[in-house]
Amino acid sequence: MMKRICIFCGANAGVRAVFSEAATSLGAMIALQSMGVVYGGGNVGLMGVLADAALAAGGEVIGVIPRSLVERELAHSDLSALYVVNSMHERKALMADLSDAFIALPGGFGTLDEFFEVLTWAQLGIHGKPCGLLNVDGYFDHLLAFLDRAVSEGLLLSHNRNMFTVDSDERRLLASLRSRGTRSIVTAGDLR
């Protein structure tokens, strides 16, 4: 059973309203399904939009932010809980420990770093939690094409390419992650 979903998303809102609309919808939807949000702890960009929407819908929102980013990302002051940690490594580890699933919204380097790290951990058998990309208005299309290219070049195994769910609709993505549930940990033969 999923109690909390970790959301990776941008500290910037992007230039198109569709990104903030998706963050608002996802945050509210998670709260209305009686699940909590775990995220990067900021009150700016898509992070702030997501947190505010989940809080407005009565949801639990837990932020995890490195001390060095408290001022830069403007730590959200109205969360259910805010953990201030010493490094990005601690941030990602604690976010993962607190969560039962992971979703990436549009974002930049930080979002991709966080999402690919949890995918790598899944590939290595460190966790079996479901992962998903919310492909807002085709934002991740080129990334998905790159991953398909990695498979065709023999650098990524197809079963690892398929470790995560992709959808452009928040409701369908959440339903898919719920149906996947926590999977069994991979065997040594799958660690490529």
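Located above this text is the structure these notes cover.
Only a predicted model underlies this, so the values are computations on that prediction, with no experimental measurement involved.

Basis of the calculations
- Residues numbered from 1 in each chain as written.
- Predicted model: local features only at pLDDT ≥ 70, side-chain atom pairs only at ≥ 80, totals over all residues.
- Heavy atoms only, no water.
- Phe/Tyr/Trp six-rings, centres within 6.5 Å; stacked < 30°, edge-to-face > 60°.
- Helix = DSSP H or I, 4+ residues; strand = E, 2+ residues; numbered from the N terminus.
- Buried < 20%, exposed > 50% of the residue type's maximum accessible area, 1.4 Å probe, protein only.
- Core = buried A, V, L, I, M, F, W, Y, C linked by side-chain atoms within 4.5 Å.
- Arc of directions from axis to C-beta.
- Pairing = 2+ DSSP bridges.
- Axes fitted to C-alpha atoms, helices over the stretch in contact; angles between N-to-C directions.
- Polar contact = N/O pair within 3.5 Å; in protein donor to acceptor, adjacent residues only side chain to side chain.
- 1 Å grid on protein atoms, 1.4 Å probe; cavity = no way out; pocket = protein on both sides within 12 Å on 5 of 7 lines; lining within 4 Å.
- Points joined across faces, edges and corners; volume = space filled by probe spheres on them.
- Nonpolar A, V, L, I, M, F, W, Y, C, P; charged D, E, K, R; others polar.

Student: What am I meant to see in the packing of aromatic side chains here?
Tutor: Two descriptors summarise a pair of aromatic rings, namely the distance from one centre to the other and the angle between the planes of the rings. On inspection of all chains with the given rule, the structure shows 5 aromatic pairs. With 5.7 Å between their ring centres and 85° between their planes, Phe115 and Phe164 make a pair best called edge-to-face. Of this pair, Phe115 sits in helix α4 (residues 109-123) while Phe164 is found in strand β7 (residues 164-167), placing the two residues 49 residues apart along the sequence. Given a relative accessible area of 8%, Phe164 falls into the buried group. An aromatic cluster of three or more residues is present, and its members are Phe19, Tyr139 and Phe140.

Student: It is not clear to me how the nonpolar core should be interpreted in this structure. Could you clarify?
Tutor: It is characteristic of soluble globular proteins that their nonpolar side chains tend to be buried jointly. Of all hydrophobic cores here, the largest spans 29 residues; its most connected members are Ile5, Ile7, Ile103 and Leu105. Sorting the residues of this core by element identifies β1 (4-8), α1 (17-32), β2 (36-39), α2 (45-56), β5 (101-104) and α7 (170-180) as the ones contributing at least two each. Top element by residues in this core is α1. It accounts for 7 residues. Residues Ile62, Met95, Phe140 and Leu144 belong to the second largest nonpolar core, which totals 24 residues.

Student: Can you help me understand helix α3 (residues 88-98) in this one?
Tutor: Because an α-helix completes one turn every 3.6 residues, residues spaced three or four positions apart along the sequence face the same direction. Considered for burial, the residues of α3 that qualify are Arg91, Lys92, Met95, Ala96 and Leu98. Projected down its long axis, α3 shows its buried positions confined to an angular sector of 170°, all on one face. For α3, the exposed residues lying more than 90 degrees away from the buried face are His89 and Asp97.

Student: Please clarify how the environment of His89 should be interpreted in this entry.
Tutor: Position of His89 among the secondary structure elements: in helix α3. Between the C-alpha atoms of His89 and Pro66, which are 23 residues apart in sequence, the distance is 9.1 Å.

Student: Can you help me understand the sheet that holds strand β6 (residues 131-134) in this one?
Tutor: Strand-to-strand pairing in sheets goes through backbone hydrogen bonds, with the strands running parallel or antiparallel. The strand order across the open sheet formed by 7 strands is β4-β3-β2-β1-β5-β6-β7, and the pairing between neighbours is parallel. If you trace the sheet from one side to the other, it starts and ends with β4 (81-85) and β7, each paired once. Averaged over all pairs of adjacent strands, the angle between strand axes in this sheet comes to 20°, irrespective of strand direction. One ladder, built from 4 bridges, connects β1 with β5; its direction is parallel. In the sheet register, Phe8 faces β5, and the bridge partner there is Ala104.

Student: How should I be thinking about the side chain of Arg91 in this particular structure?
Tutor: Mapped onto the elements, Arg91 comes out in helix α3. In this structure the side chain of Arg91 is engaged in a polar contact, spanning 2.9 Å, whose partner is the backbone oxygen of Val64.

Student: Explain the layout of surface pockets here, please?
Tutor: Think of a ball as big as a water molecule: rolled over the atoms, this probe shows where empty space is left. Counted as a void, the largest pocket has a volume near 350 Å³. Cys9, Gly10, Ala11, Gly108 and Thr111 are, among the 25 residues lining the largest pocket, the residues nearest its centre. Contributions of two or more residues to the lining of the largest pocket are made by β1, α2, α3 and α4. Considering only residue class, the lining of the largest pocket consists of 14 nonpolar, 8 polar and 3 charged.

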